[in-house]
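Coordinate analysis (summary)
Here's the letter readout for the chains.
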Amino acid sequence: MPELPEVETIKQQLAACIVGKQFSDLAISDGKPLRRISSGNFRKRLIGQEIKEVGRSGKYLLVRLANGSTLIIHLRMTGALLLNPKNTERFTRVTFKFTDGGELVFTDVRRFGAMYLVKDEKDVVGKLGLEPLSDEFTPGILAKLLAKRKAPIKAVLLDQTVIAGIGNMYADEALFSARVHPMRKAGDLLPFETKNLHKAIRDVLTKAIGKKGASISTYKCPSGELGTAHFDFRVAHRGGEKCPKCKTVIQRVKTRNRSSYYCPKCQKD
DNA sequence: CATTGTCCCTGGAAGC
DNA sequence: TGCTTCCAGGGACAAT
């Protein structure tokens, strides 16, 4: 599931490969990913455009174009972007073709993925919270963001308007690192716990970027490679397995239809 | 505003 | 073997 480390990996690979290329054609076999725009307008406004830059905001990929507009892509659960795939991909939704003959293929089994073409990026990413790997994200700021909140810390970490880019897997991993139970009220965290959590978030995300993300489910890099970050997961998606620290069986709780995996001994409630 | 619940979507795994 | 149920979960939106 693409979260910040996966989208960052995609951004880096695309930045190295598609900047300077020009769209020659688009094949849209499923228009559902296109939001706020028709297939016809989407094609018309993209064909002929040159790619200037590739950026990222939270889990959104920003493909900036020569005319000042931005193609924004969110992969949601099962979306993937593949550069010149060798095989025909089964769940191809949109194929972007370049004047040099290359292709960027968007695949998405579950069809949750979203694409926008906007003049102002803020129309899509304007409400996102802090970038957790930016300099502005400090222990003090995190403490302020969590203060007085009554929702479980897990729910607040997943709220993209608070911190942008953390998803279910990395939230579980960061909470395990910081030894904080996912159902603790966010506002009740002690100062040392907030500090540990801040460090844990940054460590977990940074390490995962170094491993090209986690290939749980359908995630692949644009190059076709798989990420290896999931081999380092200690609790995420490991319900029923043993905690690597204390051997207690890892539990699962549900909040807002999302599973949280945690060690009941290492993460006290 | 803060918070919670529902829905979207589909294939693969697990259970009977 | 074949059917049913569960599971994965980001974000839009509605309700409280």
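Since we're looking at a predicted model, the values are computed, not measured. (Residues numbered from 1 in each chain as written. Chains lettered and ligands numbered in written order. Predicted model: local features only at pLDDT ≥ 70, side-chain atom pairs only at ≥ 80, totals over all residues. Heavy atoms only, no water.)

1. Some remarks on the packing of helix α6 (residues 168-177) against helix α7 (residues 191-210)
Each pair of packed helices can be summarised by the angle the axes make with each other and by the distance between the axes. α7 packs onto α6 with a crossing angle of 130 degrees between their chain directions and a minimal axis gap of 8 Å. When the interaxial angle is binned, α6 and α7 end up oblique. In this structure, α6 crosses over α7, and the sense of that crossing is right-handed. Residue-level contacts link Tyr170, Glu173, Ala174, Leu175 and Ser177 of α6 to Leu197, Ala200, Ile201, Val204, Leu205 and Ala208 of α7. (Axes fitted to C-alpha atoms, helices over the stretch in contact; angles between N-to-C directions. Helix = DSSP H or I, 4+ residues; strand = E, 2+ residues; numbered from the N terminus. Parallel < 35°, antiparallel > 145°, perpendicular 65-115°, else oblique. Left-handed = near helix turned anticlockwise from the far one by under 90°. Contact = heavy atoms within 4.5 Å.)

2. Focus on the pairing of strand β8 (residues 114-118)
In the case of a regular strand, side chains alternate between the two sheet surfaces. The element β8 is largely enclosed, with a buried count of 5 among its 5 residues. Residues Ala114, Tyr116 and Val118 point to one face of β8 and Met115 and Leu117 to the other, with burial holding for every one of them. One ladder, built from 5 bridges, connects strand β4 (residues 70-74) with β8; its direction is antiparallel. Its bridge partner lying in β8, Leu71 is registered against Leu117. (Buried < 20%, exposed > 50% of the residue type's maximum accessible area, 1.4 Å probe, protein only. Pairing = 2+ DSSP bridges.)

3. Topic: the domain arrangement of chain A
Quite often, the size of an interface is put as the accessible area lost when its parts meet. Assigned domains of chain A: these are domain 1 (4-125) and domain 2 (139-262). In this complex, domain 1 contributes 19 residues to the contact, which on the side of domain 2 involves 21 residues. For the pair domain 1 and domain 2, the two sides together bury roughly 1,500 Å², of which 62% comes from carbon and sulfur. Contact with domain 2 buries surface across domain 1, with Pro5, Glu6 and Gln13 losing the most and accounting together for 34% of the total. For Lys220, the salt bridge identified is with Glu89, shortest N-O distance 3.9 Å. Of all the elements in the fold, those that place two or more residues in the side of domain 1 that touches domain 2 are α1 (4-18) and β5 (79-83). Of the residues forming the side of domain 1 that touches domain 2, the biggest block, 9 residues, is contributed by α1. Split by residue class, the side of domain 1 that touches domain 2 holds 9 nonpolar, 5 polar and 5 charged. (Domains from an automatic or database assignment. Buried area = accessible area lost by both parts, 1.4 Å probe. Salt bridge = Lys/Arg side-chain N within 4 Å of Asp/Glu carboxyl O. Nonpolar A, V, L, I, M, F, W, Y, C, P; charged D, E, K, R; others polar.)

4. Some remarks on the protein's contact with DNA strand C
Contacts to DNA strand C come from 16 residues, most closely from His74, Met77, Phe112, Arg258 and Tyr261. Sugar and phosphate atoms represent 57% of those atoms of DNA strand C found within 4 Å of the protein. For DNA strand C, a phosphate oxygen lies 3.5 Å from a polar atom in the side chain of Tyr60. Here a phosphate oxygen of DNA strand C and a side-chain polar atom of Ser259 are 2.9 Å apart. In terms of residue count, the dominant contributor to the surface near DNA strand C is strand β10 (residues 258-262) (3 residues). (Near = heavy atom within 4 Å. Polar contact = N/O pair within 3.5 Å; in protein donor to acceptor, adjacent residues only side chain to side chain.)

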